[in-house]
Amino acid sequence: MFHSIINRSPAIVVGDFKVRLITTKDVHQITAYYQRNRAYLQPWEPLRDEAFFSEAGWSKRLNQLSELHKHKLAYYFVIVRKGSNEICGVINFSNLVRHPFYACHVGYSLDENCQGKGVMRRALNAAVEWMFEEQHFHRVMAAYMPRNKRSEAVLKAAGFEKEGTAKDYLLINGRWEDHILTARINPHWNQPLL
């Protein structure tokens, strides 16, 4: 399932899609993704400044993400159709803590036109498996707003289990929102060499 490409970056094939780390060459595609989905994603994401929707803003951000990838501090994946560079979704792993926690958070979004096809469920499952197998993480945590039934279904299908509720957990679209806390545990975890 996992194939190495340039600089040992993962390329995970999931049906008609490929999940891979974003690169600085993706500036046009990631900008287009967020511009195209701006209104659709707004109820589920933090308020964004205008730079977030510009190529200049993404050029700067991609340089930062490249450094985070290099130092294994975060992983920002994009979902693209095989044979295309058009981004139809993102999966990002942040707050990576290794010994002794071996845990991180995951967030994701999917293009409005790709909804309801099982794309995110399969892509998220594959990306989490990569974090377990290649990065030796024990726990991946995700949170969703109780009214976000699509995200709830994605996480449940990808093996995440509810662990609790957090009041006023994240500032989403200008409001503090309660979130359901979930996690997926690596059942085959082996301690990596320190």
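The shown structure was predicted, so the numbers you read here are calculated from the model rather than taken from an experiment.

S.K.: Quick one: what's the story with helix α4 (residues 119-133), residue by residue and with numbers?
M.R.: The terminal C-alpha atoms of α4, which comprises 15 residues, lie 21 Å apart, in line with the 21 Å expected from a rise of 1.5 Å per residue. Considered for burial, the residues of α4 that qualify are V119, M120, A123, L124, A126, A127, V128, W130, M131 and F132.

S.K.: Could you give an account of the packing of α4 against helix α5 (residues 149-157), with specific residues and numbers?
M.R.: Their axes nearest at 9 Å, the elements α4 and α5 cross at an angle of 45°. Judged on the interaxial angle alone, α5 and α4 are oblique. The way α4 lies across α5 gives a crossing that is right-handed. Facing α4, whose interface residues are M120, R121 and L124, α5 presents V154, L155 and A157. Residues of the contact of α4 with α5, tallied by class, amount to 5 nonpolar, no polar and 1 charged.

S.K.: Account for the packing of helix α1 (residues 27-36) against helix α3 (residues 55-70), naming residues and giving values.
M.R.: Put simply, α1 and α3 touch, their axes get as near as 9 Å, and they point 120° apart. Compared by their axis directions, α1 and α3 come out oblique. Read as a crossing pair, α1 and α3 show a hand that is right-handed. Residue-level inspection shows V27, H28, I30, T31 and Y34 of α1 in contact with α3, the latter providing E55, W58, S59 and L62. Of the residues contributing to the contact of α1 with α3, the split by class is 5 nonpolar, 3 polar and 1 charged.

S.K.: I'd like to hear about the pairing of strand β9 (residues 175-185), residue by residue, with values.
M.R.: Here strand β7 (residues 139-144) runs beside β9; their pairing, made up of 6 bridges, is antiparallel. Looking at the pairing, A142 lines up with T182 of β9. Here 8 bridges tie strand β8 (residues 161-172) to β9, and the two strands are oriented antiparallel to one another. Residue K162 lies in a different strand from β9, and its bridge partner there is T182.

Rules used in this analysis
Residues numbered from 1 in each chain as written. Predicted model: local features only at pLDDT ≥ 70, side-chain atom pairs only at ≥ 80, totals over all residues. Heavy atoms only, no water. Helix = DSSP H or I, 4+ residues; strand = E, 2+ residues; numbered from the N terminus. Expected span 1.5 Å × (residues − 1). Buried < 20%, exposed > 50% of the residue type's maximum accessible area, 1.4 Å probe, protein only. Axes fitted to C-alpha atoms, helices over the stretch in contact; angles between N-to-C directions. Parallel < 35°, antiparallel > 145°, perpendicular 65-115°, else oblique. Left-handed = near helix turned anticlockwise from the far one by under 90°. Contact = heavy atoms within 4.5 Å. Nonpolar A, V, L, I, M, F, W, Y, C, P; charged D, E, K, R; others polar. Pairing = 2+ DSSP bridges.

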